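Residues per chain, in single letters:
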Amino acid sequence: MSSSSSEFTSTDDETKINPDGRITLGSEDFKTVLFALLSNDPKYRPELLIPRSHGPVVIKTREEKLVEAAFESCTFKVLMSTVLGFGLGAVIGLFSASVTPQTPLGPDAKPQTFREVFRDMKSTSITHGKNFAIVGAMFVSVECAIESVTL
């Protein structure tokens, strides 16, 4: 191909670089570029720059990615929400049982024994714990379902 240098610069028979910086590829170069972009071969890019916002950028290892994926799974979230909900509910139940003890009223009422007070605290704590665990599990289950549908 013959051409003037003011119109474009030719790097081979078909590829052209226009004066405004655009590159026009020939059919063989186009096929090569298309194959390189669409192939499943791993593309290593050592010149890849990751922007920093706060502190140094650390690329995660395979193990860190696996642990992160496990923590972000819906199964782990539901399990953790259930366990922590039960614990929080038990603490709130313990507090609520200590504030409002179930004392019998009436003329022949006898004071509660130490064992009866703790039995009442245990039942209140377990009841509150179960309720909080169920609410936490339901909340996270719905959140995960919505999140998985939108992704």
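Just so it is clear, the structure is predicted and the values come from calculations on it, not from any experiment.

### Quick notes on the overall build of the protein chain
No. 1: Helix and strand content of the protein chain: four helices and three strands.
No. 2: Taking all 151 residues of the protein chain together, the buried fraction comes to 13%.
No. 3: Across the protein chain, the fraction of contacts at a sequence separation of at least 24, relative to all contacts at a separation of at least 6, is 45%.
No. 4: Split by element, the accessible area of the protein chain, about 12600 Å² in all, is 65% carbon and sulfur.

### Points about the pattern of salt bridges
No. 1: A complete count under the given rule lists three salt bridges for this structure.
No. 2: For the salt bridge of Glu 147 with Lys 77, the shortest nitrogen-to-oxygen distance reads 3.9 Å. Remark: Lys 77 occurs in helix α3 (residues 74-99) and Glu 147 occurs in helix α4 (residues 114-150); sequence separation between them is 70 residues.

### Notes on the side chain of Asp 120
No. 1: Structurally, Asp 120 can be placed in helix α4.
No. 2: Summary of buried charges: Asp 120 has no salt-bridge partner, and the nearest side chain of opposite charge, Arg 119, is 9.6 Å away.
No. 3: Those residues in contact with Asp 120 that lie beyond four places of it in its chain are Ala 97, Pro 101 and Gln 102.

### Side note on the confidence of the model for the protein chain
No. 1: Overall, the predicted model of the protein chain reaches an average pLDDT of 82, with 85% of residues at or above 70.
No. 2: Ignoring residues within four places in sequence, the model shows residues 1-10, a span with pLDDT below 50, making 14 contacts including any to other chains.

Parameters at a glance
Residues numbered from 1 in each chain as written. Predicted model: local features only at pLDDT ≥ 70, side-chain atom pairs only at ≥ 80, totals over all residues. Heavy atoms only, no water. Helix = DSSP H or I, 4+ residues; strand = E, 2+ residues; numbered from the N terminus. Buried < 20%, exposed > 50% of the residue type's maximum accessible area, 1.4 Å probe, protein only. Contact = heavy atoms within 4.5 Å. Areas by Shrake-Rupley, 256 points an atom, 1.4 Å probe, with all protein chains shown as cover. Salt bridge = Lys/Arg side-chain N within 4 Å of Asp/Glu carboxyl O. Lys, Arg positive; Asp, Glu negative; His and termini not counted. pLDDT = per-residue confidence, 0-100.

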